[in-house]
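Listed below, chain by chain, are the residues.
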Amino acid sequence: MAPITNGAPAPKKRIAVMTSGGDSPGMNGSVRAVVRMAIDQGCEAYCVYEGYEGLVQGGDLIRQAQWEDVRGWLSEGGTLIGTARCKAFTERPGRLKAAKNMIDKGINALVICGGDGSLTGADKFRGEWPSLLEELVKNGDISTEQQKTFQYLNIVGLVGSIDNDFADTDATIGCYSSLGRICEAVDYIDATAFSHQRAFVIEVMGRHCGWLALMAGVSTGADFIFIPESPPDRDWEDQMCDIISKHRNLGKRKTIVIVAEGAHDLDLTRISPNKVKDLLSTRLKLDTRITTLGHVQRGGNACAYDRQLSTLQGVEAVNAVLEATPETPSKFIAIIENKIVRNPLIEAVKSTQEVAEAIKAKDFKRALDLRGPEFAEYHQAYMMTTATDQPALRLPKQTHMNIAIIHVGAPAGGMNSATRAAVAYCLSRGHTPIAIHNGFPGLVRHHADEPVGSVRYVQWLDVEGWISKGGSEIGTNRDLPSKVGMGETADCFNIYKFDALFIIGGFEAFTALSELRKARPDYPAFRIPMMLLPATISNNVPGTEYSVGSDTCLNALTSYCDAIKQSASASRRRIFVVETQGGKSGYIATMGALGIGAVAVYTPEEGINLQMLGRDIEHLKQSFAKDKGQTRAGKLILCNEHASETYTTEVVASMIREESKGRFESRFAIPGHVQQGGTPSPMDRVRAVRLAVKCIQAIEQYAGKSKEEIMEDDLSMAVIGVKGISVVFGAMERLEREETNWNHRRPKDESWLQYKKTVDTLSGRPRPEDCC
Ligand code: ATP
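Residues numbered from 1 in each chain as written. Predicted model: local features only at pLDDT ≥ 70, side-chain atom pairs only at ≥ 80, totals over all residues. Heavy atoms only, no water.

Engineer: If you had to explain the pattern of salt bridges to someone new, which residues and values would you point to?
Structural biologist: By the definition in use, this model includes 48 salt bridges. For aspartate 60, the salt bridge is made with arginine 63, and the minimal N-O distance between the two is 3.7 Å. Classification of arginine 63 as partly exposed rests on a relative accessible area of 31%. With a shortest N-O distance of 3.0 Å, glutamate 700 and arginine 429 are connected by a salt bridge. Placement of glutamate 700 in helix α24 (residues 682–700) and of arginine 429 in helix α14 (residues 415–429) is noted, with a sequence separation of 271 residues between them. Comparing glutamate 700 with arginine 429 shows no difference in burial state: the two are buried. (Salt bridge = Lys/Arg side-chain N within 4 Å of Asp/Glu carboxyl O. Buried < 20%, exposed > 50% of the residue type's maximum accessible area, 1.4 Å probe, protein only. Helix = DSSP H or I, 4+ residues; strand = E, 2+ residues; numbered from the N terminus.)

Here you go:
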């Protein structure tokens, strides 16, 4: 049967979307994005229910989806179109039926959100497509005309899996939500373990992939981890007991060991939680318990990152469908560091399978290599920040440095995690970490009125529990060196013999580093390496597209908005205008809007004007008029605190109320400092660890160099940043000159600005040109 067009021009494409394999948080976000983007682009959207089972059975399991059908889906857990493991699709007759069903419905493109199995199946389906069509013609199931019309099947993969086991992408949809569940559970267990001085062996998911176990280890500061890609040495039992004993001897009251489901030793003999427990109980005499987290790890709604990822990748999948030619090989949508990219599906499927083969062949180096450089860096960062007192890691004495650590600006989730990692790394290399308490005012106040002093040597146990602590344990302050006195600051650098400075903070920290750089010619004390790790909820530091703390903020904002949305939906005809922080950067507002599905977002970059408000109010009127009560998702507008001096959040809400003429209500809400978040998100924790270790590694390169050599090297004062697909150090001098919008305290180019259009597209917000 040919596609039905009813005389109207045929739609560009019929794009079907399905979820398959194990469910993962964020799948609904990708379905919503594919459906809405497809409709926006003049295509028809279809949902295939129950994974490949729906494709094989056809009928009502493949249904057209309308714009309103996916309203409110971003905040829902699991997958609302269902998923299944389908035996029939693994065999040719099943795939033949699937092909027939697709042609019957006129579908010529398929977006599949699933794990490696699902995408392997998709790849096979596309490879076989011409022969399936031939067979269908031979059987008389389709006409030769249909065979011609549907000769190319367009397939795009979205990787939805909590395991993060797919090659050529840094993250899969759902993996950070799952990691969030694990961290939450371990944080709870931590408290009871500490109270009773117990040991806990925690089993997490991951049969062939240790990502969850590794990241859980990094983000909870676990004492030991077991992952399939990197089995422990032959003497692992001694090694583990040795490390845990050392930690206990240093004063640690609790022990956490994380075991991936698929953990094994070098001979592929399983390392079970029971085996680990027995060792800890018998050898170390620790009161040890086992916790198996199980399906809790899959559950619940998606974290902010997975909502953004699934949305942006869903949009990109539709773009990939529309731009594909018959020659384009199947692609899947990946993310590398901070960039959404299209990667070849076949190669990634192959590499993914190769990991399992490498493990089976006991080629663990290859297995780790295949996991990619990010995985290897996290692994290294974990080892370097957990193992205490390992002679192999220590640098020669003459290269040891006094490394000062300072927090500047407002607190942000992950500042403590970064500090802990820096301290642990310094100690494992033989450096002396020195914490400056309460920022630059703390530094210069050193001996006058503080009994303990604000500049303190830090020991491993001091920072051991900081990985999951929000705020700033050493205290942070906004005051700049110029305020407390350049001379006094330089004097303190000399008094404490700082060989390097590690700054953690936001735009204030950036400004402080700029001041110190400019003062270098006058103050030799500042001719030392200084590295800045951007940490601010506003994500407005030049030199990076990601600041530690911004993810925690987005999670807090998303939870807040979910609750508000519920209230808005309960009374149906209500819109909330929510004010976000972010200074003069609209990052938080925009990414928050993307993750919550806001009807509009107002940013300082764009400002607010009357026409814009008029258009949005008109859009709201139409939207409320269309809603006959069948959907109950509430509506939100996100408005940055500095989007407009005149049209404040309250004014915007009042204008909407006035103009609605009683057809709907409008309220405003200000989450304020709630946005700093409580405990840091897992992403902020792990990235803080990785970036902090990289900063200290960069600092180490200057050991033994003269002040002149350091002065001459632009990169001796730098900002570490995630930029596109890379992690890079940007020289302060260049960043100040080329990349900083000093007036508005934000980078000149903000990569996320492009996502504002996506917020508008997916909310159906009218474009200015459509209204004139
Ligand atoms: P998860 O990562 O959660 O396990 P997954 O996508 O890897 O997700 P699988 O059970 O491996 O989950 O695959 C889901 C479905 O994809 C299978 O039930 C089957 O229908 C299809 N599938 C998997 N592998 C193949 C294959 N080699 N050929 C055809 N279809 C396949």
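Engineer: Tell me about unusual backbone geometry, and name the residues and values.
Structural biologist: The phi dihedral of aspartate 168 is positive, around 65 degrees, even though this residue is not glycine. Assignment of secondary structure puts aspartate 168 in the loop between β5 (154–159) and α6 (175–196). Even without a glycine there, the phi angle at glutamine 197 is positive, about 55 degrees. Mapped onto the secondary structure, glutamine 197 falls in the loop between α6 and β6 (199–204). The partly exposed category is assigned to glutamine 197, whose relative accessible area is 40%.

Engineer: Describe helix α18 (residues 486–495), and please don't skip the residues or the numbers.
Structural biologist: Every buried residue belonging to α18 is among Met486, Thr489, Ala490, Cys492 and Phe493, and all of these are buried. Buried residues in α18, looked at end-on, bunch into an arc of 160 degrees, giving them a common side. Looking at the buried positions of α18, the neighbouring elements they touch are α15 (439–444), α17 (481–484), β15 (500–505), α19 (507–518) and β16 (530–534). Lysine 497 occupies a position one or two residues after α18 and carries a positive phi of about 55 degrees. (Arc of directions from axis to C-beta. Contact = heavy atoms within 4.5 Å.)

Engineer: Quick one: what's the story with the packing of aromatic side chains, residue by residue and with numbers?
Structural biologist: This model, assessed by the stated rule, comprises 17 aromatic pairs. With 5.2 Å between their ring centres and 85 degrees between their planes, tyrosine 176 and tryptophan 211 make a pair best called edge-to-face. You can see tyrosine 176 sitting in helix α6 and its partner tryptophan 211 sitting in helix α7 (residues 211–220), a full 35 residues away along the chain. For tyrosine 176, a relative accessible area of 5% puts it in the buried group. Here phenylalanine 226 and tryptophan 236 contribute two aromatic rings whose centre-to-centre distance is 5.1 Å and whose plane-to-plane angle is 80 degrees, an arrangement assigned as edge-to-face. On the criterion of sequence distance, the pair formed by phenylalanine 226 in strand β7 (residues 224–226) and tryptophan 236 in helix α8 (residues 236–249) is long-range, its members being 10 residues apart. On the accessibility criterion, tryptophan 236 (4% relative accessible area) is buried. Feature note: the residues Phe493, Tyr496, Phe498, Tyr523 and Phe526 constitute an aromatic cluster, connected by ring pairs. Note that arginine 687 overlies the ring of tyrosine 546, its terminal NZ or CZ placed 4.4 Å from the centroid. (Phe/Tyr/Trp six-rings, centres within 6.5 Å; stacked < 30°, edge-to-face > 60°. Lys NZ or Arg CZ within 6 Å of the ring centre and 35° of its normal.)

Engineer: Please give an account of the pairing of β16 that cites residues and values.
Structural biologist: Along β16, five of the five residues are buried, which leaves the element largely enclosed by surrounding structure. As paired elements, β15 and β16 share five bridges and run parallel to each other. Each bridged residue has a counterpart across the sheet, and for phenylalanine 502 the counterpart in β16 is methionine 531. Crossover handedness for the path β15 to α19 to β16: right-handed. (Pairing = 2+ DSSP bridges. Right-handed = clockwise from strand over helix to strand, strands pointing away.)

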